[in-house]
Amino acid sequence: MKTALIAFAALQLLTGALLWLAPGFFHDEIGPFGPRNDHYMGDLATWYLALGVVVLVAARRPQWRVPVLALAVLQNALHAFNHLLDVGEADPEWLGPATLVSLAALTAVLVLMHREAAR
């Protein structure tokens, strides 16, 4: 569990750092949905960075795991749903379905982690 939490935290921290420090790269290579807006990308970065930090704390403090993972499941499920709504809006077009599948898979892994933490 600890290793999985650290890996998930690293993903969140990397995503947040890219959104904040390299918004052009992020928009062009990872999230080419609609026009680029660096302010909103910075706002989104703060969410990823904050979640990454609390997940790292949960890796060290087992009592944090259930609520932190519940939040991560909810956020990732909503994120996947948002990508379902915009699945055809990515350029290149293949990235929309690929992102949706990866987010759905990550949500499923987080659900399993949450169930394990709740035991």
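In case you missed it, the structure is sitting above this.
Described in the following lines is the structure provided in the data block. Note that this is a predicted model, so its numbers are computed, not measured. (Residues numbered from 1 in each chain as written. Predicted model: local features only at pLDDT ≥ 70, side-chain atom pairs only at ≥ 80, totals over all residues. Heavy atoms only, no water.)

Counting its secondary structure elements, the protein chain contains five helices and zero strands. Element order for the protein chain, N to C, with α for helix and β for strand: α-α-α-α-α. Computed over its C-alpha atoms, the radius of gyration of the protein chain comes to 15 Å, within 12% of the 14 Å expected for a compact globule of 119 residues. Along the three orthogonal principal directions, the C-alpha set of the protein chain runs to about 40 × 25 × 20 Å. Burial statistics for the protein chain: of 119 residues in total, 35% are counted as buried. Residue pairs in contact within the protein chain that sit at least 24 positions apart in sequence constitute 69% of those at least 6 positions apart. Summed over its atoms, the accessible surface of the protein chain is roughly 7100 Å², and 67% of this surface lies on carbon and sulfur atoms. Side chains of the protein chain carry 7 positive and 9 negative charges; the gap between the two charge centres is 26 Å. (Helix = DSSP H or I, 4+ residues; strand = E, 2+ residues; numbered from the N terminus. Rg over C-alpha atoms; globule rule 2.2 N^0.38 Å. Buried < 20%, exposed > 50% of the residue type's maximum accessible area, 1.4 Å probe, protein only. Contact = heavy atoms within 4.5 Å. Areas by Shrake-Rupley, 256 points an atom, 1.4 Å probe, with all protein chains shown as cover. Lys, Arg positive; Asp, Glu negative; His and termini not counted. Charge placed at Lys NZ, Arg CZ, Asp CG, Glu CD.)

This brings us to the pattern of salt bridges. Tallying each qualifying case throughout the model produces two salt bridges. Ionic pairing is found between Arg36 and Asp38, a salt bridge with its closest N-O pair at 2.6 Å. With a relative accessible area of 43%, Arg36 lands in the partly exposed category. Taking relative accessible area as the criterion, Asp38 reaches 38% and is therefore assigned partly exposed. For Arg119, the salt bridge goes to Glu116, with nearest N and O atoms at 3.6 Å. (Salt bridge = Lys/Arg side-chain N within 4 Å of Asp/Glu carboxyl O.)

On to the layout of surface pockets. Of the volumes computed, that of the largest pocket is approximately 780 Å³. Taken together, 27 residues form the lining of the largest pocket, with Phe26, Gly31, Tyr48, His79 and His83 sitting closest to its centre. Residue assignment for the lining of the largest pocket shows that the elements contributing at least two residues are helix H1 (2-21), helix H2 (23-30), helix H3 (38-60), helix H4 (62-85) and helix H5 (95-118). Of the residues that constitute the lining of the largest pocket, the class distribution is 13 nonpolar, 12 polar and two charged. (1 Å grid on protein atoms, 1.4 Å probe; cavity = no way out; pocket = protein on both sides within 12 Å on 5 of 7 lines; lining within 4 Å. Points joined across faces, edges and corners; volume = space filled by probe spheres on them. Nonpolar A, V, L, I, M, F, W, Y, C, P; charged D, E, K, R; others polar.)

So, about the nonpolar core. Grouped together as the largest cluster of nonpolar side chains are 14 residues, with contacts concentrated most on Leu5, Phe8, Val55, Leu69, Leu110 and Met113. At the level of elements, H1, H3, H4 and H5 are the ones that each hand at least two residues to this core. Apart from residues lying up to four places away in sequence, Leu5 is in contact with Val55, Ala58, Ala59, Arg65, Leu69 and Met113. Within the second largest apolar cluster, five residues are counted, among which are Leu19, Phe26, Met41 and Ala45. (Core = buried A, V, L, I, M, F, W, Y, C linked by side-chain atoms within 4.5 Å.)

The next subject is a nonpolar patch on the surface. A surface patch of nonpolar side chains, about 320 Å² in accessible area, is lined by Phe81, Leu84 and Leu85. Tracing the backbone shows Leu84 in helix H4. Residue class for Leu84 comes out partly exposed when judged on its relative accessible area of 47%. (Patch = residues over 30% accessible without salt bridge, like charges linked within 9 Å, V, L, I, M, F, W, Y side chains within 5 Å.)

What follows deals with H4. Spanning 24 residues, H4 covers 35 Å between terminal C-alpha atoms, matching the ideal 34 Å at 1.5 Å per step. Along H4, the residues that are buried comprise Arg65, Val68, Leu69, Ala72, Val73, Gln75, Asn76, His79, Ala80 and His83. On its buried side, H4 packs onto H1, H3 and H5. (Expected span 1.5 Å × (residues − 1).)

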